[in-house]
Amino acid sequence: MGTLIRADWLRRALALRGMTGEDLARESRLTPSTISHALNGRDVSNRTVSAIARALARVQPIPGAEDLVA
């Protein structure tokens, strides 16, 4: 059984950091396919959730991006 990541939240987190799914895949050392699953609201493993969270924590949001990203 997997875990659902809120795809809308993940897309916003990427946008605030100026990242793409491929960037997140590289930073998290996950496959682009796994990131695609998360971005499309499919179940992912707890390990994947942890890797994504760690990767996002390492890349700081772009200053001022909060005002620009809907």
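Residues numbered from 1 in each chain as written. Predicted model: local features only at pLDDT ≥ 70, side-chain atom pairs only at ≥ 80, totals over all residues. Heavy atoms only, no water.

Next up on the list: helix α4 (residues 46-58). Each full turn of the α-helix corresponds to 3.6 residues, which orients residues three or four apart in the same direction. For α4, with 13 residues, the first-to-last C-alpha span of 19 Å sits near the 18 Å given by 1.5 Å per residue. All buried positions along α4 are accounted for by Thr-48, Ala-51, Ile-52, Ala-55 and Leu-56. Down the axis of α4, the buried side of the element spans an arc of 130°, and every buried residue falls inside it. In α4, the exposed residues that point more than 90 degrees away from the buried face are Asn-46, Arg-47 and Ala-57. Of the surrounding elements, those touching the buried residues of α4 are α1 (7-17), α2 (21-28) and α3 (32-39). (Helix = DSSP H or I, 4+ residues; strand = E, 2+ residues; numbered from the N terminus. Expected span 1.5 Å × (residues − 1). Buried < 20%, exposed > 50% of the residue type's maximum accessible area, 1.4 Å probe, protein only. Arc of directions from axis to C-beta. Contact = heavy atoms within 4.5 Å.)

To continue, consider the pattern of salt bridges. For the structure on display, the rule yields four salt bridges. Where Arg-12 meets Glu-66, a salt bridge forms, and the shortest distance between an N and an O atom there is 2.4 Å. With a gap of 54 residues between them, Arg-12 in helix α1 and Glu-66 in helix α5 (residues 65-68) connect regions that are remote in the sequence. Judged by its relative accessible area of 24%, Arg-12 falls in the partly exposed class. For Glu-66, a relative accessible area of 49% corresponds to the partly exposed category. (Salt bridge = Lys/Arg side-chain N within 4 Å of Asp/Glu carboxyl O.)

Once that is clear, we can look at the side chain of Arg-17. With respect to the helices and strands, the residue Arg-17 is situated in helix α1. For Arg-17, the side chain forms a polar contact with the main-chain oxygen of Ala-13, separated by 3.0 Å. Beyond its immediate chain neighbours, meaning those up to four positions away, Arg-17 contacts Leu-56, Val-59, Gln-60, Pro-61 and Ile-62. (Polar contact = N/O pair within 3.5 Å; in protein donor to acceptor, adjacent residues only side chain to side chain.)

On average, the chain scores 94 in pLDDT, and the residues at 70 or more come to 97%. In the model of the chain, α5 stands out as the element of lowest mean pLDDT, 83, in contrast to α2, which has the highest, 98. (pLDDT = per-residue confidence, 0-100.)

The backbone of Arg-29 sits at a positive phi, close to 60°, despite the residue not being glycine. Relative to the helices and strands, Arg-29 resides in the loop between α2 and α3. Since its relative accessible area comes to 77%, Arg-29 is described here as exposed.

Another point: the environment of Gly-18. Of note, Gly-18 is situated in the loop between α1 and α2. Along the sequence, Gly-18 and Gln-60 sit 42 residues apart, while their C-alpha atoms lie 9.6 Å from each other. Not counting residues within four places of it along the chain, the set of residues in contact with Gly-18 comprises Asp-23 and Ile-62.

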